[in-house]
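Spelled out from the first residue to the last, the chains are:
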Amino acid sequence: MAKLAQGAKYRGSIHNFPDFDPSQDADTLYNAMKGFGSDKEAILELITSRSNRQRQEICQNYKSLYGKDLIADLKYELTGKFERLIVGLMRPPAYSDAKEIKDAISGIGTDEKCLIEILASRTNEQIHQLVAAYKDAYERDLEADIIGDTSGHFQKMLVVLLQGTREEDDVVSEDLVQQDVQDLYEAGELKWGTDEAQFIYILGNRSKQHLRLVFDEYLKTTGKPIEASIRGELSGDFEKLMLATVKCIRSTPEYFAERLFKAMKGLGTRDNTLIRIMVSRSELDMLDIREIFRTKYEKSLYSMIKNDTSGEYKKTLLKLCGGDDDAAGKFFPEAAQVAYQMWELSAVARVEVKGTVHPAGDFNPDADAKALRKAMKGLGTDEGTITDIITHRSNAQRQQIRQTFKSHFGRDLMADLKSELSGDLARLILGLMMPPAHYDAKQLKKAMEGAGTDEKALIEILATRTNAEIRAINEAYKEDYHKSLEDALSSDTSGHFRRILISLATGNREEGGEDRDRAREDAQVAAEILEIADTTSGDRSSLETRFMTILCTRSYQHLRRVFQEFIKMTNYDVEHTIKKEMSGDVRDVFVAIVQSVKNKPLFFADKLYKSMKGAGTEEKTLTRIMVSRSEIDLLNIRQEFIEKYDKSLHQAIEGDTSGHFLKALLAVCGGED
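Keep in mind that what you see is a predicted model, and the values were worked out from it rather than measured. (Residues numbered from 1 in each chain as written. Predicted model: local features only at pLDDT ≥ 70, side-chain atom pairs only at ≥ 80, totals over all residues. Heavy atoms only, no water.)

Trainee: Whenever I open this one, the overall build of the protein chain confuses me. Can you help?
Mentor: Within the protein chain, the secondary structure is distributed over 39 helices and zero strands. Taking 26 Å as the expected radius of gyration for a compact globule of 673 residues, we find that the protein chain reaches 29 Å, a close match to that expectation. If you line up the protein chain on its principal axes, its C-alpha atoms span 100 × 65 × 60 Å. Taking the intrachain contacts of the protein chain between residues at least 6 apart in sequence as the baseline, contacts between residues at least 24 apart amount to 72%. Of the roughly 30,300 Å² that the protein chain leaves accessible, carbon and sulfur atoms contribute 47%. Computed over 95 positive and 111 negative side-chain charges, the separation of the two mean positions in the protein chain equals 3 Å. (Helix = DSSP H or I, 4+ residues; strand = E, 2+ residues; numbered from the N terminus. Rg over C-alpha atoms; globule rule 2.2 N^0.38 Å. Contact = heavy atoms within 4.5 Å. Areas by Shrake-Rupley, 256 points an atom, 1.4 Å probe, with all protein chains shown as cover. Lys, Arg positive; Asp, Glu negative; His and termini not counted. Charge placed at Lys NZ, Arg CZ, Asp CG, Glu CD.)

Listed below in structure tokens is the structure:
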């Protein structure tokens, strides 16, 4: 098993086998491979229930007893992915890493992702052992081989990481933290071009503890996470390496949870990545990876492996995984502490929200009105001109164009656009032309009219708007439909769901800071209503009302503290607990509120992704979000989208829409990340 730091708990999934007898194990393996065929079940059962140190003793005894190399025999008897997995388990960790890197730089082309994963995630000690193992196994110098196979800043950062000289002192200088923040900012955001050497020096050498504080301060100082600056300033494999380094500094288990998820999502499985991670982390931090995986992706690592692989290969991977985490939302104590610290940071972080559509310089409403009239006059319609003008003006400027159009031509611009355009493009352009509150009011009206109710649209709008936005929506709804929004909601919804929506529609959310004592009381109410508290202090009906009041009226800053106290108090995450304990529309609206409080741009990024994944596109959801967030936080949404889904919003739109609708959406999106 891996050597532990003093006082650290073992977080691997593979343990030393009690009453270990290497000679007996060697004999069992020999018999499993003797004769015609091999007993694969016996092989995987034995190897996955022994630690790596014990496997090395088995190898030695096998050679002593039979004069044969156990790894060579396993290679001969087994095939395919199962063989790669078993053989990987039989190598000492440093030699396994050395083999992966040798394969990554051998032959035509280089597996940069493998190099990045290993060198960005290993400790100083692991790097030193890797370099020595590579020299011993291949009689070659690892640094020289990497220099020969890579180039540029990517190569320089790999070489820095290969030195294994990252500072390990936990004592952090506040002055040096501030200096590094300033140096990174000046090397990227404030510089024409980028000083890559500063990024390499700071991210390649400073201690993890120091860099975590640098990242926190960078966010406070610049209003954007360090990852956003790296994406904006660097490119290619160098960018990917620096992002992986940042992720491993923040949380190595989270980095591997993400790598595992991406290895198995979608069509096909990246088996080399899956094998490498399951082998290398099985005696280090597999329990933490499992917990973060379940929390982040709402499914267990075990279940995803089970559904994505087969045969003895699957059985071996599941043994390495070590168990199925089916109680969604519960944290291991270590993971709970990480989550608690995350909320501590979110309580002080102030990320600047930015839209993608801005007022046009040299704005001339008269010229725009004439150009739009010309684009709609006569036979045919010039959709390109219409799209270009409307997507590159702010909403306030579009209202001026509407007024000028009526003054010049005595015509209603909205009516003309509706007559000339059709389908998805018409919905998008007309949506952009409406004042935001009137647009939201219309979306709410459409969600409630006709047969059935679009609960998702009601939830999306009412759970995410600010007090000022809600009040403006109420006024617009009354003006446009001669009925109060509250009356409309009362007529079209029922039960607890109706009560929650009406509460949200009042726009009376508190706007102050947090109250820690009150946050603990609120967290206790949440724990009681979600049935995970040790004691209950009231009847259920009263608790339900209090829980609704907390989520619908407390300020965002206060609720972040409530969620943090909830983790501390119960060892559960409130969002996943709501999903597990509640159902239907009530569950969905509470989850939306929690997600919006946690990270509103990420909430919308998820909605956009789901609107475009799979067969068909939910054009109405896509249009509604692109229109409503274009001048608020669409740039932040773009950043969250690429961070979570490993592709840009621009790419997703490009792959899922077409024609003038596509062009208009891309203009609103505002750029490729």
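Trainee: Even after reading the chapter, I still don't get the nonpolar core, so can you show me in this structure?
Mentor: Where a protein is soluble and globular, its nonpolar side chains tend to be buried together. Ranked by internal contacts, the top residues of the largest apolar core, which has 99 residues, are Leu-417 and Met-626. Setting aside anything within four residues of it in sequence, one finds Met-626 in contact with Leu-608, Leu-634, Leu-649, Ile-653, Leu-665, Val-668 and Cys-669. Ranked by size, the runner-up nonpolar core spans 91 residues in total, among them Leu-119, Leu-158, Tyr-218 and Tyr-313. (Core = buried A, V, L, I, M, F, W, Y, C linked by side-chain atoms within 4.5 Å. Buried < 20%, exposed > 50% of the residue type's maximum accessible area, 1.4 Å probe, protein only.)

Trainee: Would you mind showing me how to read a positive patch on the surface here?
Mentor: A cluster of basic residues, Lys-299, Lys-456, Lys-610 and Lys-613, forms a positive patch at the surface. Following the sequence through the fold, Lys-613 ends up in the loop between helix H35 (584-612) and helix H36 (619-629). (Patch = residues over 30% accessible without salt bridge, like charges linked within 9 Å, V, L, I, M, F, W, Y side chains within 5 Å. Salt bridge = Lys/Arg side-chain N within 4 Å of Asp/Glu carboxyl O.)

Trainee: What is the right way to look at the state of the cysteines in this model?
Mentor: In a disulfide, the sulfur atoms of two cysteines are covalently bonded to one another. Applying the stated criterion across every chain yields a total of zero disulfides. A disulfide-free cysteine, Cys-321 has its sulfur positioned 19 Å from the sulfur of Cys-248, the nearest such atom. Its relative accessible area of 0% is what places Cys-321 among the buried residues. (Disulfide = S-S within 2.5 Å.)

Trainee: Help me understand the packing of aromatic side chains in this model?
Mentor: The relation between two aromatic rings is expressed through the spacing of the ring centres and the mutual angle of the planes. Summed over all chains, the structure comprises 14 aromatic pairs. One aromatic cluster is present, formed by Tyr-30, Tyr-62 and Tyr-66 through successive ring pairs. Geometry around Phe-17 places Arg-50 over its ring, the cationic atom sitting 3.7 Å from the centre. Lying over the aromatic face of Tyr-481, Lys-445 brings its terminal NZ or CZ to 5.4 Å of the ring centre. (Phe/Tyr/Trp six-rings, centres within 6.5 Å; stacked < 30°, edge-to-face > 60°. Lys NZ or Arg CZ within 6 Å of the ring centre and 35° of its normal.)

Trainee: Even after reading the chapter, I still don't get the environment of Gln-557, so can you show me in this structure?
Mentor: Take Gln-557: it is sitting in helix H33 (residues 556-570). Distance in space between the C-alpha atoms of Gln-557 and Glu-511 is 8.3 Å, their sequence separation being 46 residues.

Trainee: Would you mind showing me how to read unusual backbone geometry here?
Mentor: A negative phi holds for most residues other than glycine; trans holds for most peptide bonds. Despite not being glycine, Asp-19 shows a phi value in the positive range, around 55 degrees. Within the fold, Asp-19 resides in the segment before helix H1 (22-32). Overall, Asp-19 belongs to the exposed group, its relative accessible area being 78%. Of note in this structure, His-482 is not a glycine but carries a positive phi near 55 degrees.

Trainee: Mind showing me how you'd approach the pattern of salt bridges here?
Mentor: Oppositely charged side chains can pair when the atoms bearing their charge come close. For the structure on display, the rule yields 43 salt bridges. Asp-97 is paired through a salt bridge with Arg-122; the nearest N and O atoms lie 2.8 Å apart. Within this pair, whereas Asp-97 is found in helix H6 (residues 93-105), its partner Arg-122 is found in the loop between helix H7 (112-121) and helix H8 (124-138), the two being separated by 25 residues in sequence. Note on Arg-122: relative accessible area 10%, which makes it buried.

Keep in mind these numbers describe shape, not what the thing actually does.
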